[in-house]
Structures are given as structure tokens and as C-alpha cells.
Amino acid sequence: MNLNLPASKAKILVAEDTADLREVLVEVLLDLGYNVQAASDGYEATTMFEQFKPDLAILDMRMPMMNGADVCAIIRKTSDIPIIMFTSADEVSEVNGAILKGATDFVLKTTGMDQLASRVEAHLLRQREPLKPLLTAADSLVLEGKITDKPPENIHLSNGPPNAIKTFTVIIDPDKES
């Protein structure tokens, strides 16, 4: 994956079995300056992925030969590119299944091309500009009501059950330089 390329040169794989929609997707992405390859079914998408080596994939959930979630799982075996499921599926279990197989995002077809284009741009931008760490060694934390510049190595958040979602608030002074 070449992340030094401008967004306009990013390679996008589109897999959509409905010919008219596939053509519109390709046209919109080409107009935005992307390099696009399109597949009409899941099997073709996996073959094309290996040859094209895209920076991002847009997959229909329900395609012949192999569904989008299964294509996603195959891509995940060798790549961590963003995978957007572009779907009319309104079944939560289908969307959750795709996410469990490695989908990065999903966009409902009813939301239109503008929404999809925005998500594509956002995911490609994240690839080029990795997130900065939330905390650095120079940051102060408020722990148990006290400000500290030297937080303990291990912060114990709760005695909840394993895999429980745990939240905490970190207050960072925006005026303090790191």
C-alpha cells in the first residue's frame, strides 16, 4: 500500500453485482480522481484484490459467488486496508457479521454517493495521517481527584466482569506543550 500518494491516486476496489450501480460507483470515484477497478461478484473481487492491491475496498453485502462479508474475511487474511460495506441490508445480524469478519465501516445504499464519497475520503485520510497518541509522557492526569505528572504503570479502572466496557475521563491541558 502506498500511503504517500495523494488521495486522487489512491486505488479503490469496488465489488457490486448490480451493473448500473457498479457503473455509477466507478464513475463517481473516477471523477473524484481515484484509480478504480470493479468486480461484479465476490469471487472476481477476491481475484482482483490480489492483482490490484487496492488502498480501500467497497463491497456489496449480497453478491453472487461469494457475499461481501466472506470477501472481507479473505481480504483480512492479508491486508488491513479500510473495507466499506455498501449495502441495502437492513438486518443488524448481517452488518454485525461483516464487522466481525473485518469490515471497517458500512454505508447504506439509500444514503447515496455523497455519504459514501465522504467515508472513502475519511478512511484514506486516516491511513495517510495516523492518529496522534492521546497521551504522552509529558501530559498530566487526574487520578483519584489528584493531578499527577507521573501516572502509575498500571491503572486499575474497575472490578467489573472480564470484557466489560470500561470508561474513564482523561483531562489534558491544551495549553501545556508536549
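Everything that follows concerns the structure shown earlier in this document.
Residues numbered from 1 in each chain as written. Predicted model: local features only at pLDDT ≥ 70, side-chain atom pairs only at ≥ 80, totals over all residues. Heavy atoms only, no water.

Asks: How should I be thinking about a nonpolar patch on the surface in this particular structure?
Replies: Nonpolar side chains collect at one region of the surface, where Ile99, Phe106 and Leu108 lie side by side and expose about 230 Å² of accessible area between them. By the element assignment, leucine 108 lies in strand 5 (residues 105-108). Assessed through its relative accessible area of 33%, leucine 108 is described here as partly exposed. (Patch = residues over 30% accessible without salt bridge, like charges linked within 9 Å, V, L, I, M, F, W, Y side chains within 5 Å. Areas by Shrake-Rupley, 256 points an atom, 1.4 Å probe, with all protein chains shown as cover. Salt bridge = Lys/Arg side-chain N within 4 Å of Asp/Glu carboxyl O. Helix = DSSP H or I, 4+ residues; strand = E, 2+ residues; numbered from the N terminus. Buried < 20%, exposed > 50% of the residue type's maximum accessible area, 1.4 Å probe, protein only.)

Asks: Even after reading the chapter, I still don't get the side chain of threonine 46, so can you show me in this structure?
Replies: Tracing the sequence through the fold places threonine 46 in helix 2 (residues 42-52). A distance of 2.7 Å separates the side chain of threonine 46 from the backbone oxygen of tyrosine 43, its partner in a polar contact. (Polar contact = N/O pair within 3.5 Å; in protein donor to acceptor, adjacent residues only side chain to side chain.)

Asks: Quick question: what am I supposed to make of the nonpolar core here?
Replies: Burial of nonpolar side chains together is a common tendency in soluble globular proteins. Counting residues in hydrophobic clusters, the biggest one holds 21 residues, and the most contacted among them are Ala57, Leu59, Val71, Ile75, Ile83 and Met85. In this structure, methionine 85 is in contact with Leu59, Asp60, Met61, Gly68, Ala69, Ala98, Ala103, Asp105, Phe106 and Val107, ignoring residues within four places of it in sequence. Among the nonpolar cores identified, the runner-up in size contains 16 residues, and Ala10, Leu25, Ile84 and Leu124 belong to it. (Core = buried A, V, L, I, M, F, W, Y, C linked by side-chain atoms within 4.5 Å. Contact = heavy atoms within 4.5 Å.)

Asks: I'm lost on helix 3 (residues 68-76) in this one. Help?
Replies: Two residues of an α-helix separated by three or four positions point the same way, owing to the 3.6 residues in each turn. Where helix 3 is concerned, the buried positions are Gly68, Ala69, Val71, Cys72 and Ile75. What you see down the axis of helix 3 is that its buried residues fit within an arc of 160°, all on one side. Looking at the buried positions of helix 3, the neighbouring elements they touch are helix 2, strand 3 (56-60), strand 4 (83-87) and helix 4 (92-100). Capping the start of helix 3, asparagine 67 holds a side-chain oxygen 3.0 Å from the backbone nitrogen of alanine 69, two or three residues further along. (Arc of directions from axis to C-beta.)

Asks: Looking at this structure, I do not really get the pairing of strand 3. What am I missing?
Replies: Remark: a regular strand shows side chains that alternate across the two faces of the sheet. The buried fraction of strand 3 is high, at 5 of 5 residues. Covered by surrounding structure in strand 3 are Leu56, Ile58 and Asp60 together with Ala57 and Leu59, the residues of both alternating faces. The sheet contact formed by strand 1 (residues 11-15) and strand 3 spans 4 bridges and is parallel. From the neighbouring strand, alanine 15 faces strand 3, where its bridge partner is leucine 59. Of the strand pairs in this sheet, strand 3 and strand 4 are connected by 4 bridges, and their pairing is parallel. The residue bridging alanine 57 from the neighbouring strand is isoleucine 83, located in strand 4. Handedness of the strand 3-helix 3-strand 4 crossover: right-handed. (Pairing = 2+ DSSP bridges. Right-handed = clockwise from strand over helix to strand, strands pointing away.)

Asks: Explain the sheet that holds strand 1 here, please?
Replies: Strands belonging to one sheet form pairs held by backbone hydrogen bonds; the direction of such a pair is parallel or antiparallel. The strand order across the open sheet formed by 5 strands is 2-1-3-4-5, and the pairing between neighbours is parallel. If you trace the sheet from one side to the other, it starts and ends with strand 2 (35-39) and strand 5, each paired once. In this sheet, neighbouring strand axes are inclined to one another by 20° on average, regardless of whether the strands run parallel or antiparallel. With 4 bridges connecting them, strand 4 and strand 5 associate as parallel partners. Bridge pairing in strand 5 places methionine 85 opposite phenylalanine 106. Sitting on the sheet, helix 2 touches strand 1 and strand 2, and the angle it makes with strand 2 is about 150°. (Axes fitted to C-alpha atoms, helices over the stretch in contact; angles between N-to-C directions.)

Remember, this is a structural readout, not a statement about activity or role.
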